[in-house]
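One-letter residues, chain by chain:
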Amino acid sequence: MLTLPRFEWVEPRTLDQLLDHLAAHAAESLMVAGGTDAVPNLKHRLHEPRYLVHIGRVEELRFVRDEADGLHVGPLVTLADLARHPVVRRDFATLTRAASLVAGPQLRNMGTIGGNLCLDTRCTYYNQTFFWREALGFCLKKDGAVCHVVPQGKRCVAAHSSDTAPVLITLDAEVEIRSRAARRTVPVESFFVADGIHNNVLAPGEVVTRVFVPARARARIGGYQKLRPRGAIDFPMLSVAFAASRRDGHVADARLVVSALAAKPRSVTGLDALLADGVLDDAAIERIAQAAAKQCRPVINIPYDEDYRHAMVPVFVRRALREALGLPPRAAREVVTA
Ligand SMILES: Cc1cc2nc3c(=O)[nH]c(=O)nc-3n(C[C@H](O)[C@H](O)[C@H](O)COP(=O)(O)OP(=O)(O)OC[C@H]3O[C@@H](n4cnc5c(N)ncnc54)[C@H](O)[C@@H]3O)c2cc1C
Ligand code: SF4
């Protein structure tokens with residue numbers, strides 16, 4: 001049986017109490033919201049905090065507000081509540097889709113959007129029991145000095161596995177971050193860094209206090225496609241999010257993000273040139289699918305074949321783009337060309 005480590009339970013009721021606690025004890029604290037990822041990780045001794053800070057009772061962090069400038073979402077909103085919110089369903093259907101593809105129903109009822117954005121990265125050599133990791137001599141991300149995926153590497157390449165993050169990037173979303181000393185806003189795209197040891201810009205003592213999706217993203221068409229071993233529950237082996245504005249039959253502001261391959265989601269570059277005159281037809285879809293396959297390569301960080309994951313990049317890009325156009329995700333005769 002896997003047990004929890006010893007810790008002191010801290011349960012602030014207000015944001016002020018939370019920020020006060022973190023100002024004094026950030027380095028010794030781990031926040032939990034729904035606990036669906038943090039608690040299993042505690043059992044594996046991936047975190048060994050002195051204080052476990054349950055933020056789930058800070059009610060001021062639980063809200064969904066539809067305002068003129070966009071959608072404001074508190075980090076404690078559960079994925080289930082986000083997915084069924086009428087405004088999210090109406091205006092940000094890809095966010096609904098991504099939230100409703102996270103894990104399974106029980107985990108979506110507990111798991112929050114804040115926890116999903118701040119989700120720890122995952123790796124074959126990390127998400128294991130203490131005994132398993134000890135037998136291997138641990139690794140760079142926790143307790144060791146070597147990365148078993150890239151042995152000469154100085155950075156961790158564990159997989160970013162959040163389903164909502166790639167979609168939020170395509171919607172130009174931002175996160176508000178608070179600490180006792182300051183408040184700042186960061187685009188979700190800049191929130192992540194390419195080092196799986198700590199793959200976001202949160203400094204000790206900082207909390208995500210709001211997710212904001214700007215009004216200009218309301219009218220965007222979009223698609224979200226996720227490859228996972230079991231459709232009922234698993235983390236992504238590959239995920240693809242696409243969004244674009246559509247005007248007069250042409251698309252603009254196109255964003256394509258491929259994730260779950262490395263420590264941060266990757267925005268595919270050069271879309272404007274691939275979308276000659278903004279026409280998203282079969283030929284453009286194919287050009288974009290092939291460009292994504294060139295730009296996005298998995299490493300052997302999760303226990304699924306990397307050649308297969310790479311071969312699926314163009315397939316899932318095609319499906320996401322077709323979904324955005326309202327077409328069935330699979331073409332009648334889909335050919336894997338990568
Ligand atoms: C079997 C299983 C399958 C899963 N499948 C998926 C999946 O398919 N896709 C997916 O995306 N996730 C998956 N998850 C992971 C998890 O359930 C979700 O990501 C969930 O949204 C995490 O939210 P939470 O509130 O439970 O986070 P917690 O576990 O409470 O916290 C996760 C991390 O976020 C930090 N955190 C939480 N809130 C804040 C905040 N406001 N500010 C700063 N840091 C914060 C915590 O300190 C912790 O480091 C799965 C988990 C399990 C156990
Ligand atoms: S990618 Fe390397 S450093 Fe990161 S968790 Fe895996 S083995 Fe450890």
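Everything numeric here is computed off the predicted structure, so don't read it as measured data.

Draft legend 1. How the structure looks around the pattern of salt bridges. Counted according to the given criterion, the structure contains 30 salt bridges. Note that Asp-37 and Arg-122 form a salt bridge whose closest N and O atoms lie 3.9 Å from each other. Placement of the pair is Asp-37 in the loop between β2 (29-32) and α2 (38-43) and Arg-122 in the loop between α7 (113-117) and α8 (130-135), with a sequence separation of 85 residues. For the pair Asp-37 and Arg-122, a shared accessibility class is recorded, and that class is buried.

Draft legend 2. How the structure looks around the domain arrangement of the protein chain. Examined at the domain level, the protein chain breaks down into domain 1 (61-118 + 159-217) and domain 2 (221-324). When the area that domain 1 buries against domain 2 is broken down by residue, the three leading residues are Ala-159, His-160 and Thr-170, summing to 25%. Where domain 1 packs against domain 2, one counts 4 salt bridges. Between Asp-172 and Arg-255 there is a salt bridge, with the nearest N and O atoms lying 3.2 Å from each other. Our enumeration of links across domain 1 and domain 2 arrives at 14 residue pairs in polar contact (both at pLDDT 80 or more). Among the secondary structure elements, those contributing two or more residues to the side of domain 1 that touches domain 2 are α5 (93-100) and α9 (164-170). Considering each element in turn, the side of domain 1 that touches domain 2 owes the most residues, 4 residues, to α9.

Draft legend 3. Focus on the UniProt feature "domain: FAD-binding PCMH-type" (unreviewed entry) in the protein chain. The sites that carry the UniProt feature "domain: FAD-binding PCMH-type" (unreviewed entry) are, in the present numbering, residues 2-218. Between the first and last C-alpha atoms of residues 2-218 the distance is 45 Å; the span itself is 30% helix and 17% strand.

Draft legend 4. Spotlight on the packing of aromatic side chains. In this structure the tally under the stated criterion is 4 aromatic pairs. Taking 6.4 Å as the distance between ring centres and 50° as the angle between the ring planes, the aromatic pair formed by Tyr-125 and Trp-132 counts as tilted. Residue classification places Tyr-125 among the partly exposed positions, given a relative accessible area of 25%. You can call Trp-132 partly exposed: its relative accessible area is 35%. For the pair Phe-130 and Phe-131, a centre-to-centre distance of 6.1 Å together with 90° between the ring planes defines the contact as edge-to-face. A residue is classified by how much of its surface remains accessible, and Phe-131, at 62% relative accessible area, is exposed. An aromatic cluster of three or more residues is present, and its members are Phe-130, Phe-131 and Phe-138. Over the face of the ring belonging to Phe-63 we find Arg-65, whose NZ or CZ atom lies 4.3 Å from the ring centre.

Draft legend 5. Highlighting the site of ligand 1. Neighbouring ligand 1 are 32 residues; Met-31, Ala-33, Thr-36, Thr-112 and Asp-163 lie closest to it. One of the backbone N or O atoms of Ala-103 is found 3.0 Å from an oxygen atom in ligand 1. Partitioning the shell around ligand 1 into residue classes produces 18 nonpolar, 10 polar and 4 charged.

Draft legend 6. Geometry of the site of ligand 2. Within the structure, ligand 2 sits among Cys-123, Tyr-125, Tyr-126, Cys-139, Leu-140, Lys-141, Cys-147, His-148, Val-149, Cys-156, Val-157 and Ala-158. According to the grid-proximity analysis, the pocket containing ligand 2 is the largest cavity. Across the shell around ligand 2, the residue classes break down as 10 nonpolar, 1 polar and 1 charged.

What counts and what doesn't
- Residues numbered from 1 in each chain as written.
- Chains lettered and ligands numbered in written order.
- Predicted model: local features only at pLDDT ≥ 70, side-chain atom pairs only at ≥ 80, totals over all residues.
- Heavy atoms only, no water.
- Salt bridge = Lys/Arg side-chain N within 4 Å of Asp/Glu carboxyl O.
- Helix = DSSP H or I, 4+ residues; strand = E, 2+ residues; numbered from the N terminus.
- Buried < 20%, exposed > 50% of the residue type's maximum accessible area, 1.4 Å probe, protein only.
- Domains from an automatic or database assignment.
- Buried area = accessible area lost by both parts, 1.4 Å probe.
- Polar contact = N/O pair within 3.5 Å; in protein donor to acceptor, adjacent residues only side chain to side chain.
- UniProt positions renumbered as here; feature names shortened; annotations may be inferred.
- Phe/Tyr/Trp six-rings, centres within 6.5 Å; stacked < 30°, edge-to-face > 60°.
- Lys NZ or Arg CZ within 6 Å of the ring centre and 35° of its normal.
- Near = heavy atom within 4 Å.
- Nonpolar A, V, L, I, M, F, W, Y, C, P; charged D, E, K, R; others polar.
- 1 Å grid on protein atoms, 1.4 Å probe; cavity = no way out; pocket = protein on both sides within 12 Å on 5 of 7 lines; lining within 4 Å.
- Sits in = over half its atoms within 2 Å of the grid points.

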